[in-house]
Amino acid sequence: MQMDKVQRILADLQSTASTVDGRATLPEALCATCATSLQVTGVGLALMSERGPEGLVAATDGLAKTMEDLQFDLGEGPCVDASAAMRPVLQPDLRKTASARWPAFGPAVLEAGIEAIFAFPLQVGAIRLGVLDLYRDVPGPLSSETFRDALSFSDAATRLLLYLQEQMNDQGELHPDLLLTHHNRPEVHQATGMIAVQAAVGLAEALLVLRARAYSDGRSIVDLARDVVSGNLRFEPDGEDS
């Protein structure tokens, strides 16, 4: 039954994409359909890896983009936990749980106006591909039927990610529809590599260092990364920076 639902979702995407705004990508169409079908306020689809969030693929609205940006910048949140644990993370009342579970992300997402998040990992075996995040601007759990439908949408999203990337014919580049315009962050990836060399640490630790410094300075991770890339900020092996 769930497989039939997944096939119907995928079969309807092309026509949905043409009616969303005339320029919608297939991932954007999937998110729009998901939000309408599940009666949630918004939906975000992000790429993930073992290092954490890698970039935003699609989002239904500005608040969904804010939710994904916060998780990318801070390196914590439901999508990070769902991907790491490889199981859904359901947070129907963020005011009761978010600040204790995610000290940086919790207060920020509540201030943005998001009251509930439901994160579904997208994976093939042990390979992490992404996360489908649903949010509501009012608290409340998903019904059993809505939860099952959300699993179908997450399966459809996984198949869609694989389908789009297969179109690149092993060129080593990401399909253009898999990274939302203006949400590619090459500075962060470049700065992470530079910090790894400067501080003599692995890439995962270098990204943690970058996120921690951005958070402590009250700056966006992209803004701080630009300082690293330009040479205005360096990180030394002893943990000091200059």
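Structure shown above.
Residues numbered from 1 in each chain as written. Predicted model: local features only at pLDDT ≥ 70, side-chain atom pairs only at ≥ 80, totals over all residues. Heavy atoms only, no water.

Caption draft 1: Region of the structure containing empty space enclosed by the protein. Tallying each qualifying case throughout the model produces two cavities of 30 Å³ or more. Each pocket or cavity is described by its volume, and for the second largest cavity that value is around 40 Å³. Lining of the second largest cavity is provided by Arg51, Pro53, Glu54, Phe72, Val188, His189, Thr192, Leu207 and Arg211. Going through the elements one at a time, β2 (52-59), α8 (186-199) and α9 (203-217) are the ones with two or more residues in the lining of the second largest cavity. No other element matches the three residues that α8 contributes to the lining of the second largest cavity. Here the lining of the second largest cavity is built from residues that sort into four nonpolar, two polar and three charged. (1 Å grid on protein atoms, 1.4 Å probe; cavity = no way out; pocket = protein on both sides within 12 Å on 5 of 7 lines; lining within 4 Å. Points joined across faces, edges and corners; volume = space filled by probe spheres on them. Helix = DSSP H or I, 4+ residues; strand = E, 2+ residues; numbered from the N terminus. Nonpolar A, V, L, I, M, F, W, Y, C, P; charged D, E, K, R; others polar.)

Caption draft 2: Here's a closer look at the pattern of salt bridges. This model, assessed by the stated rule, comprises four salt bridges. Residues Arg101 and Asp81 are paired through a salt bridge, measuring 3.3 Å at the closest nitrogen-oxygen approach. On the criterion of sequence distance, the pair formed by Arg101 in helix α5 (residues 94-101) and Asp81 in helix α4 (residues 78-85) is long-range, its members being 20 residues apart. When its relative accessible area of 41% is taken as the criterion, Arg101 is described as partly exposed. One salt bridge in this structure joins Arg234 and Glu236, with 3.6 Å as the shortest N-O distance. (Salt bridge = Lys/Arg side-chain N within 4 Å of Asp/Glu carboxyl O. Buried < 20%, exposed > 50% of the residue type's maximum accessible area, 1.4 Å probe, protein only.)

Read these as geometric descriptors, not functional statements.
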